[in-house]
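# Examining the three-dimensional arrangement
Here are the chains, one letter per residue:
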Amino acid sequence: KPNPRAGRRHERRMLLPEEFAWLVHAVPNEPEMLGMTGADRLLLYTLAIQTGLRVGELRSLNRSSLFLKKDPPFVLAKATATKNGLPAHQYIKPDLAAELRRYAEARPAEASLFPLPETGIAKVLRSDLAAARRAWLDNAKEDPALLQKREGSDFLLARNHGGEFLDFHALRHTCGAWAALGGAHPKAVQTLMRHSSIILTMDTYGHLFPGQDAETVHRLPDMTVAPAELRLTGNQPEAGPNSPQESQHLAQHTERRPLPSVATEIDDLPNDHEEVEAQKALNCAGKCDALREGASDFENAPRRTRTFDPLIKSQLLYQLS
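## Notes on the overall build of the protein chain
Along the protein chain, the regular secondary structure elements total 18 helices and 3 strands. Taking all 321 residues of the protein chain together, 30% fall into the buried category. Taking as baseline every contact in the protein chain between residues at least 6 positions apart, the subset at least 24 positions apart corresponds to 56%. Of the roughly 21,800 Å² that the protein chain leaves accessible, carbon and sulfur atoms contribute 55%.

Given below as structure tokens:
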């Protein structure tokens, strides 16, 4: 299958939060371009980053697309303007909603919220990036060493040292990247970016989710805890052979009943061999079933079998059967 990363003509980069801060500082002072003042363009860039709307979707917005009094406020791009043919219900922050309300009041009801042309918006963004970079460099003029360091940096450049570009569509990429860096759940980022698959979200922003690989290892069970059976009996692996736990365990299992005296056992032994055999016969009779009636003395004798079945008489044949 084709690799979308390898097949791209150029890679887009996200706008860093520090770079956007310099846009906020410099763009409002820039002259009007494409029928929009610098402040209007900054409002457009802010809305593009917070919603992730594409340039065509932003072009379709008008006053009826704004739901700024809702809690939370949101903008709605119609299905006829979205890429997937579904309405785009995108939430925004309250401070942006307040600025949009003031801006929209001066716009005609049926007119587009932003007069975006079909082409040329990328050039306007690059011009504003250049103005922000000039302001960033001017801020370090009093420090020659810092100025030299900044001049060699790719901060606020339309193309960074890695060959990645920053065009207007990169503002949409910035939306997902900032959400991932902020710790949003991948499924939430997928919903925000309106991706058809979580695979697309993870392929694009997976490397930006903070600490996911490292946190996964810490979710594994503790591999140094003793089994529950050992914890209950006190046989922890760390207890040595001379530990109190081990000594107590051995003492419990080495208790024995007192042995009878040797003299008593010798006194109780029969003196005659015949009496010994008779006593064995009585013991055998007590442990076994009643002697078979009509059996010969040979069959009922002690330690003799009372059957002629070879499977019972032979232990080897019994095991083989």
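Next, the rest of the story.
## Details of the layout of surface pockets
Left-over empty space is what a probe sized like a water molecule reveals as it rolls over the atoms. Taken as a whole, the second largest pocket spans an internal volume of roughly 470 Å³. For the second largest pocket, the lining is made up of 18 residues, of which Ile49, Gln50, Tyr91, Ile92 and Lys93 are closest to its centre. Listing elements by their share of the lining of the second largest pocket, those giving two or more residues are helix H3 (38–51), strand E3 (88–91), helix H5 (94–105), helix H8 (170–181) and helix H9 (186–193). Per-element accounting of the lining of the second largest pocket gives the leading share, 4 residues, to H8. Here the lining of the second largest pocket is built from residues that sort into 9 nonpolar, 6 polar and 3 charged.

## A short note on the sheet that holds strand E2 (residues 74–77)
Taken in spatial order, the 3 strands make up an open sheet running E1-E2-E3, and their pairing is antiparallel. The two strands at the open ends of the sheet, each matched to only one other strand, are strand E1 (66–67) and E3. Bridge count for E1 against E2 is 2 bridges, and the pairing is antiparallel. The partner of Leu66 across the bridge, within E2, is Val75.

## Quick look at the side chain of Gln190
Its location among the elements puts Gln190 in helix H9. Judged by relative accessible area, Gln190 falls into the buried class, the value being 10%. Leaving out residues up to four positions away in the same chain, Gln190 has contacts with His195, Ser196, Ser197, Ile198 and Thr201.

## What to know about the packing of aromatic side chains
When we look at a pair of aromatic rings, we describe it by the centre distance and by the angle of the planes. Inspection of every chain in the model, using the stated rule, returns 6 aromatic pairs. On the numbers, 4.7 Å between centres and 10 degrees between planes, the contact of Phe67 with Phe74 is stacked. For Phe67, a relative accessible area of 27% gives the class partly exposed. With a relative accessible area of 10%, Phe74 lands in the buried category. Ring centres of Trp136 and Phe155 lie 4.5 Å apart, and the angle between their planes is 40 degrees; this geometry places the pair in the tilted category.

## Remarks on the confidence of the model for the protein chain
Summary statistics for the protein chain give a mean pLDDT of 79 and a share of 63% for residues scoring 70 or more. Confidence drops under a pLDDT of 50 for residues 259–267, and excluding neighbours within four residues, the segment shows 1 contact in the predicted structure.

## Some details on the nonpolar core
In a soluble, globular protein the nonpolar side chains are often hidden away together inside. The biggest cluster of nonpolar side chains holds 47 residues, and the ones touching the most others in it are Leu47, Leu58, Leu100, Phe114 and Phe168. Those elements that place two or more of their residues in this core are helix H2 (17–26), H3, E2, H5, helix H6 (121–138) and H8. The biggest single contributor to this core is H6, with 8 residues. For Leu47, the contacting residues outside a window of four places in its chain are Gly52, Leu58, Leu61, Val75, Ile92, Leu96, Leu100 and Phe114. Judged by nonpolar contacts, the second largest core, of 10 residues, contains Cys175, Ala179, Tyr205 and Phe209.

Definitions and cut-offs
Each chain carries its own residue numbering, running from 1 in the direction its sequence is written. Restriction of local features to residues with pLDDT of at least 70 applies here, the model being predicted, together with a cutoff of 80 or more for giving and counting side-chain atom pairs; totals for whole chains, interfaces and linings are based on all residues. Based on all heavy atoms of the structure, the side-chain values leave hydrogens and waters out of the count. Numbered from the N terminus, helices here are DSSP runs of H or I no shorter than four residues, and strands are runs of E no shorter than two. Any residue under 20% of the maximum accessible area for its type is buried, any over 50% is exposed, and the rest in between are partly exposed; the area is computed with a 1.4 Å probe on protein chains only. Whether two residues are in contact is decided by their heavy atoms, any of which lying within 4.5 Å being enough. Only the protein chains shown count as cover for residues, and the accessible areas themselves come from Shrake-Rupley with a 1.4 Å probe. Points on a 1 Å grid over protein atoms alone make up a cavity when a 1.4 Å probe fits among them but cannot get out, and a pocket when they form an open set with protein on both sides within 12 Å along at least five of seven lines; lining residues each have an atom within 4 Å of a point. Grid points are joined across faces, edges and corners, and a volume is the space filled by probe spheres set on the points. The nonpolar class holds Ala, Val, Leu, Ile, Met, Phe, Trp, Tyr, Cys and Pro. Asp, Glu, Lys and Arg form the charged class, and all remaining residues, Gly among them, are polar. A pair of strands is considered paired only if DSSP assigns at least 2 bridges between the two. Note on aromatic pairs: the rings of Phe, Tyr and Trp (six-membered ring only in Trp) are paired at centre separations within 6.5 Å, and the planes decide the class, stacked below 30 degrees, edge-to-face beyond 60, tilted for the rest. Confidence of the prediction at every residue is given by pLDDT, a number between 0 and 100. Put simply, buried Ala, Val, Leu, Ile, Met, Phe, Trp, Tyr and Cys residues joined by side-chain atoms within 4.5 Å make one nonpolar core.

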